[in-house]
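Per-entry structural report
Each chain, letter by letter, is given below.
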Amino acid sequence: MSEPLPKPLAAWFAARGWAPRSHQIAMLREARSGRHALLVATTGAGKTLAGFLPTLAELIENPAEGLHTLYVSPLKALAVDIQRNLMTPVEEMGVDISVETRTGDTSSDRKARQRAKPPQILLTTPESLSLLLSYPDSFTMFAGLRTIVVDEVHAFATGKRGDLLSLCMARLQRIAPGLRRVALSATVADADGYRAWLAPDGDIGAVSLVHGQPGAEPNISILLPEGRVPWSGHSGRYAAEQVMAQIAAHRTSIIFCNTRSLAELIFQDLWKVNADSLPIGVHHGSLAKEARAKVEGAMADGRLRALVATASLDLGVDWGDVDCVIQMGAPKGSSRLLQRIGRANHRLDEASKAIVVPGNRFEYLEARAALDAVEAGELDPDLFRAGALDVLAQHVMACACAAPFHQRDLLDEVRSALPYSALSDETFERVLGFIRDGGYSLRAYDRFKRLVQEADGSWRVSHPKFVGQHRLNAGIIVEATMLDVRFRNGRSLGRVEEAFASQLSTGDTFFFAGLSLEVEKIALTDLIVHATSKPARVPTYGGSRMPLSTSLADRVRGFLAEPSEWPRFPDDVREWLEFQTARSVLPQPGQLLVETFPREGRHYMVAYSFEGWNAHQSLGMLITRRMETQGLKPLGFVANDYAIACYGLEKVADPASLFSADILEHEFVEWVQQSHLLKRAFREVAVIGGLVERQHPGKRKTGKQVTFSTDLIYDVLRKYEPTHLLLQAAWDDARAKMTDVGRLAHLLDRAAETMVHVDLDRVTPLAVPVLTLIGRERVSTARGDDALLMEAEGLAAEARRLD
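Residues numbered from 1 in each chain as written. Predicted model: local features only at pLDDT ≥ 70, side-chain atom pairs only at ≥ 80, totals over all residues. Heavy atoms only, no water.

Some words on the confidence of the model for the protein
Should pLDDT be low for a region, the predicted coordinates there are not to be read in detail. Confidence in the prediction of the protein, expressed as mean pLDDT, is 81, and 82% of residues score 70 or more. When the criterion is pLDDT under 50, residues 538-544 qualifies, and its contacts beyond four places in sequence or with other chains add up to 32 contacts. Note on residues 777-789: pLDDT under 50 across the span, and 19 contacts to partners over four residues away in sequence or across chains. (pLDDT = per-residue confidence, 0-100. Contact = heavy atoms within 4.5 Å.)

Structure below.
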């Protein structure tokens, strides 16, 4: 049964020859029945209008002053874009509805006015909402709030920003008990998980699930090179001329890359072969806001033929003239691929066109797996976890800034947010203790004493200066610090992200600026090194990469074990697998294949675990340490998403001893404690938890100053209070976010029972893609690419010999 629309809304649809889609009407029906709702609908299906339709209907039928609807998005730019798109129909309907945006870029005058006289619809981000809730007038500002709409919920619900938003929704529900919650997404695998996350008290039955109409099936293809699928590489740079031809054949294209550095390289590659001087641009998160806005404007106006971009454009782009999306390198997950495909056409009834450019033969299998997953409707799993304690500390401080609170009342409110539903009394007591005085190791310092308890048991902020400090420093996104790579004499070689340096310990070696460098120490934000003749044990410069999803990894494993699938593949990919079968074996699903063989005076061990680059980077560190202990004289390791190769001077006769599960209890703990990894994690949680200020009134601390402050506190806590709340939070972050330790643990748990060890006399076809990484910097040059090609072909010829 159709829901009647108010006349201005009905007339607006009719004037365009449109009719509301069934899921838009369903969202209106759920709103009128007072139920929370999760809408899962294809990109281009009118999700945003579906989210706002009940609000527009209510404000037309029952005009009311004050804040009616909050719209929360993960990106500031998305909120601004929605305001522009929403204001057009509002103005065309001739209705008096006020819509405004509030983000970190909003002027202070407008922010003050919005609190005194809020618009009826306010578009914001989780961080800006949290700041609003830190003001005493939040209780009056939000008292009449009817609806909160969370857009692109998949982008942040399972992370720390989702933790913050869930806590904010719990507070809003207390202020406005009749508040209705709505979430929108195009790519959700675990709809029930999101329904529970969205619901008050995790009551999944209180949230209706609304499915959008299925759109046209996407048109996805894999671009095959003129010649053969490469043995190695991960970027698809070899296909620049073919990609340029696709750009010339379409109106507007977006070229997605998995890293910022790759986006820059691909942009340069395309310019070199852009014989017709077609206008193309580049867009990623490291560019200045003004530069991004300029490029976005050019795309919106149709002045660009192509835009090379990263995940910075995964969400919220509605450029109707985009008719082709090209993914450089493997997509790493079916959900991410679908999200990116959705940038093309942005219309429900037209097929989105996408082309995947695999970087090597493994990536061809991954691309094929992604296409199969999309066709089967299989999305990447959503991993929900317990809420972060540093985020909880920040939220509790925000609540205290708004008004004094009683411990039991606030704990009940916090537990109504699903990520914190299992929070114990003891842990909440520790959070309060941390905000009260910093913990017993820091309580002698007044600057950590932010809360005091009154005679009636309530908690309040100890001094007004801490209120200003909180509002100036609150936020979940902690900007990455860059470290200068320097020799002892002060000469600088360049800069690396701290995410990379945090994995290093004294004595580790890595390639940078064409040199093999050995780490002497990490001093504040300087990475002190000296040149060495030792082979680089850490092969690449760069932070963590997008992990290969477990579902795609499983599909690739399935391809290896099913020769009946191979006729679907290009001849050279099929021959590669046939040669591997003749020379060694291919792992069955669930098996861990380990190959050992000698080459040019070294002994190699290659393990095919398919657990992703991040997990393999960590495992490589741990295994080479264990090899050292066993006297195997390791020289280094390399890794990609599919395999890890360790090499040394002695033969590995018993690989099982290197993969035993106790490596996580011994080498892992030792490595994390000795490396900069834990310090980096501690810096983030200390900033989020409010222990260290990012900025004072009128000035902002440099990354070096923040690092100096947190390093001092870290050393004190490690020595005198190793069980401190923030050290626990830092450990949680270091384990989960930076090392994929869950996938490591799974791999190690099954290694003993599933390992198939094949001892060989030379390299195998399956090992070629990972072995060509040895001695390579991630940032490529033309000469380096030529050398890599020659090396790969030489290895391949050796691997294919059957004698």
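Now, onward.
So, the environment of Ala-403
Inspection of the secondary structure assignment puts Ala-403 in the loop between helix H15 (389-402) and helix H16 (407-415). Sequence separation between Ala-403 and Phe-139 is 264 residues; the distance between their C-alpha atoms is 9.5 Å. (Helix = DSSP H or I, 4+ residues; strand = E, 2+ residues; numbered from the N terminus.)

A short note on the packing of helix H8 (residues 160-175) against H16
Viewed as axis vectors pointing N to C, H8 and H16 meet at an angle of 120°, and their least axial separation amounts to 8 Å. Put simply, H8 runs oblique to H16. As for the relative orientation of H8 and H16, their crossing is right-handed in sense. From H8, Leu-167, Ala-170, Arg-171 and Arg-174 reach across to H16, where they touch Leu-410, Glu-413 and Val-414. Across the contact of H8 with H16, the residue classes tally to four nonpolar, no polar and three charged. (Axes fitted to C-alpha atoms, helices over the stretch in contact; angles between N-to-C directions. Parallel < 35°, antiparallel > 145°, perpendicular 65-115°, else oblique. Left-handed = near helix turned anticlockwise from the far one by under 90°. Nonpolar A, V, L, I, M, F, W, Y, C, P; charged D, E, K, R; others polar.)

Details of the nonpolar core
Side chains of a nonpolar character, in soluble globular proteins, are inclined to be buried together. Ranked by internal contacts, the top residues of the largest apolar core, which has 109 residues, are Leu-129, Phe-142, Phe-659, Phe-682 and Leu-691. Here the element with the most residues in this core is H15; it accounts for nine residues. The residues contacting Leu-691, other than those within four sequence positions of it, are Phe-434, Leu-442, Phe-448, Arg-450, Phe-682, Ala-686, Ile-713 and Leu-726. Ranked by size, the runner-up nonpolar core spans 61 residues in total, among them Tyr-642, Ala-645, Leu-760 and Leu-766. (Core = buried A, V, L, I, M, F, W, Y, C linked by side-chain atoms within 4.5 Å. Buried < 20%, exposed > 50% of the residue type's maximum accessible area, 1.4 Å probe, protein only.)

Brief notes about the packing of aromatic side chains
This model, assessed by the stated rule, comprises 13 aromatic pairs. Seen in terms of ring centroids, Phe-267 and Trp-271 are 6.2 Å apart; in terms of plane orientation they differ by 85°. Their pairing is edge-to-face. Of the two residues, Phe-267 and Trp-271 both sit in helix H11 (residues 260-272), four residues apart, roughly one turn of that helix. We classify Phe-267 as buried; its relative accessible area is 13%. Taken together, a centroid distance of 5.7 Å and an interplanar angle of 35° make the contact between Tyr-604 and Tyr-647 tilted. Placement of the pair is Tyr-604 in strand S22 (residues 602-608) and Tyr-647 in strand S24 (residues 644-648), with a sequence separation of 43 residues. The pair Tyr-604 / Tyr-647 is uniform in exposure class, with both members buried. Pairwise contacts between aromatic rings join Phe-362, Trp-576, Phe-610 and Tyr-642 into one cluster. (Phe/Tyr/Trp six-rings, centres within 6.5 Å; stacked < 30°, edge-to-face > 60°.)

Looking at the sheet that holds strand S6 (residues 180-185)
What the seven strands build is an open sheet, ordered S3-S4-S2-S5-S6-S1-S7; its pairing is parallel. One side of each edge strand has no neighbouring strand; the edge strands of this open sheet are strand S3 (99-102) and strand S7 (207-211). In this sheet, neighbouring strand axes are inclined to one another by 20° on average, regardless of whether the strands run parallel or antiparallel. As paired elements, strand S2 (residues 69-72) and strand S4 (residues 121-124) share four bridges and run parallel to each other. From the neighbouring strand, Leu-70 faces S4, where its bridge partner is Leu-122. (Pairing = 2+ DSSP bridges.)

Looking at unusual backbone geometry
Residues apart from glycine generally show negative phi values, whereas peptide bonds are mostly found in trans. Despite not being glycine, Asp-201 shows a phi value in the positive range, around 60°. In this structure, Asp-201 sits in the loop between helix H9 (191-198) and S7. For Phe-610, which is not glycine, the phi torsion reads 60° and is therefore positive. Turning to its location among the elements, Phe-610 is positioned in the loop between S22 and helix H22 (613-629).

Observations concerning the sheet that holds strand S11 (residues 306-309)
Pairing is parallel across the open sheet formed by six strands, whose spatial order is S8-S13-S12-S9-S11-S10. Two strands lie at the open edges of the sheet, namely strand S8 (219-222) and strand S10 (280-283), each paired on one side alone. Going from strand to strand, the sheet's axes swing by 20° on average, the running direction of each strand aside. Lying on the sheet, helix H10 (residues 240-249) is in contact with strand S9 (252-256), S11, strand S12 (322-328) and strand S13 (353-357); it crosses S9 at an angle near 150°.

Comments concerning empty space enclosed by the protein
Applying the stated criterion to the full structure yields four cavities of 30 Å³ or more. Taken as a whole, the largest cavity encloses approximately 110 Å³ of empty space. Forming the walls of the largest cavity are 14 residues, and the residues nearest its centre are Arg-450, Gln-469, His-470, Asn-473 and Gly-690. No other element matches helix H18 (residues 464-473), which puts four residues into the lining of the largest cavity. Residues of the lining of the largest cavity, tallied by class, amount to six nonpolar, six polar and two charged. Looking at the second largest cavity, its volume works out to about 50 Å³. What lines the second largest cavity is simply Arg-447, Phe-448, Gln-469, Gly-690, Leu-691, Val-692 and Glu-693. (1 Å grid on protein atoms, 1.4 Å probe; cavity = no way out; pocket = protein on both sides within 12 Å on 5 of 7 lines; lining within 4 Å. Points joined across faces, edges and corners; volume = space filled by probe spheres on them.)

What to know about the pattern of salt bridges
With the rule as written, the count across this model stands at 33 salt bridges. Salt-bridge contacts for Arg-35 lead to Glu-30; the nearest nitrogen and oxygen are separated by 3.6 Å. Taking the relative accessible area as the measure of exposure, Arg-35 reaches 30% and is therefore partly exposed. Between Arg-195 and Asp-192 there is a salt bridge whose closest N-O contact spans 2.9 Å. Taken together, the residues Arg-195 and Asp-192, both in helix H9 and three residues apart, mark about one turn of the helix. (Salt bridge = Lys/Arg side-chain N within 4 Å of Asp/Glu carboxyl O.)

So, the packing of H16 against helix H17 (residues 425-437)
Where H16 contacts H17, the axes come no closer than 11 Å and their chain directions differ by 115°. Judged by the angle between their axes, H16 and H17 are roughly perpendicular. Where H16 crosses over H17, the two elements pack in a sense that is right-handed. In this structure, H16 contributes Gln-407, Arg-408, Leu-410, Leu-411 and Arg-415 to the contact, and H17 contributes Asp-425, Phe-428, Glu-429 and Leu-432. When the residues that make up the contact of H16 with H17 are grouped by side-chain class, the tally is four nonpolar, one polar and four charged.

Here we look at the pairing of strand S23 (residues 634-639)
Burial of S23 is extensive: six of the six residues sit out of reach of the surface. The pairing of S23 with S24 spans five bridges and is antiparallel. Counted as the bridge partner of Pro-634 is Gly-648 from S24. Linking two consecutive strands that pair antiparallel, namely S23 and S24, is a turn of four residues.

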